[in-house]
Amino acid sequence: MDINQHLSQRIKQLRLERGYTLDELANRSHVSRAMISMIERATTNPTAVVLEKLAVALDITLVSLFNIQTSDLKTQPYTRYSEQPVWTDPESGYTRRVISPLGVESPIQLIEVDFPAFAKVTFETPIRHSVQKQQIWIISGCMTILVAGCTFHLSTGDCLAMDLEGPIIFSNPHPTSTRYILAIANPSA
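Given the structure is predicted, the values throughout are model-derived calculations rather than measurements. (Residues numbered from 1 in each chain as written. Predicted model: local features only at pLDDT ≥ 70, side-chain atom pairs only at ≥ 80, totals over all residues. Heavy atoms only, no water.)

Caption draft 1: Examining the overall build of the chain more closely. Scanning the chain for helices and strands turns up 4 helices and 10 strands. Going from N to C terminus, the chain has its helices and strands arranged as α-α-α-α-β-β-β-β-β-β-β-β-β-β. Against the compact-globule benchmark of 16 Å for 189 residues, the chain has a radius of gyration of 16 Å, which places it among compact chains. Here the C-alpha coordinates of the chain stretch approximately 45 × 40 × 30 Å along the principal axes. Put simply, the chain has 189 residues, and 44% of those count as buried. Here the contacts in the chain between residues at least 6 apart in sequence split such that 65% fall between residues at least 24 apart. Roughly 9800 Å² of accessible area belongs to the chain as shown, and the carbon and sulfur atoms make up 54% of that amount. (Helix = DSSP H or I, 4+ residues; strand = E, 2+ residues; numbered from the N terminus. Rg over C-alpha atoms; globule rule 2.2 N^0.38 Å. Buried < 20%, exposed > 50% of the residue type's maximum accessible area, 1.4 Å probe, protein only. Contact = heavy atoms within 4.5 Å. Areas by Shrake-Rupley, 256 points an atom, 1.4 Å probe, with all protein chains shown as cover.)

Right, here's the structure in full:
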């Protein structure tokens, strides 16, 4: 399945499971009703910032939006590289690959990110019901991350642990792309 088609179905499924109308989700997420409708009909590809706002409003992690339901498939404790969902942010061009096995409940989720040269993404993450813990390990390149009012300059091999309790800015002010692994602690698993 196309990842954007999957995202549209997943967002609609989660909205309906929670009993939210389009208007209710729009109010909770600060994403327009029209945009949510276009996302659910797969007529637009949402940005990472929009997906994060929807995830917070649905009280899930951003990576949970990418989880593929495997009820009709045999759940495996591994995911082959060719089966890992890959999504590209249409605004910044950064690419996310969900490494963690699909359909397996785990307190840890792993994501591989390829962040383009000179790209920047700002998440205005509002307060969540529970603190979300993440670690970023730089495989190659450099990143600047602003979190909780502190700026961190990371290079190959560096690792940053952070709590998502407010705005966060990811930027790559360098002329080469950066690759990193993002580990997310999932308190609901």
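Caption draft 2: Local environment of the pattern of salt bridges. As enumerated under the stated definition, the model contains 6 salt bridges in all. With a closest N to O distance of 3.9 Å, Arg 18 and Glu 17 form a salt bridge. Taking the relative accessible area as the measure of exposure, Arg 18 reaches 31% and is therefore partly exposed. By relative accessible area, which is 54% here, Glu 17 ends up exposed. Through salt bridges that share partners, Arg 97, Glu 112 and Arg 179 make up one connected network. (Salt bridge = Lys/Arg side-chain N within 4 Å of Asp/Glu carboxyl O.)

Caption draft 3: Structural view of the sheet that holds strand β1 (residues 86–88). Here 6 strands make up an open sheet; going across it, the order is β1-β2-β3-β10-β5-β8 and the pairing antiparallel. Each end of this open sheet is capped by a strand with a single partner; those strands are β1 and β8 (159–164). Here the strands of the sheet are splayed against their neighbours by 25° on average, with no regard to which way each runs. Sheet analysis places strand β3 (residues 108–115) next to strand β10 (residues 178–185), joined by 8 bridges and oriented antiparallel. Looking across to β10, one finds that Ile 108 is bridged to Ala 185. (Pairing = 2+ DSSP bridges. Axes fitted to C-alpha atoms, helices over the stretch in contact; angles between N-to-C directions.)

Caption draft 4: Inspection of the UniProt feature "domain: HTH cro/C1-type" (unreviewed entry) in the chain at higher detail. Per the UniProt record, the feature "domain: HTH cro/C1-type" (unreviewed entry) sits at residues 11–65. Helix and strand shares over residues 11–65 are 60% and 0% respectively, and the end C-alpha atoms of the span are 7 Å apart. (UniProt positions renumbered as here; feature names shortened; annotations may be inferred.)

Caption draft 5: Up close: unusual backbone geometry. In the Ramachandran plot, Ala 42 falls in the positive-phi region, its phi being about 60° despite a non-glycine side chain. For Asp 59, which is not glycine, the phi torsion reads 60° and is therefore positive. Residue position: Asp 59 is located in the loop between α4 (48–57) and β1.

Caption draft 6: Looking closely at the sheet that holds strand β7 (residues 150–155). Pairing is antiparallel in the open sheet, where 4 strands are placed in the order β4-β9-β6-β7. The open sheet has two edge strands with one neighbour each: β4 (120–123) and β7. Between one strand axis and the next, the sheet turns by 15° as a mean value, whatever way the strands run. In this structure, strand β6 (residues 142–147) lies alongside strand β9 (residues 168–171), joined through 4 bridges in antiparallel fashion. If you follow Thr 144 over to β9, its bridge partner there is Ser 171.

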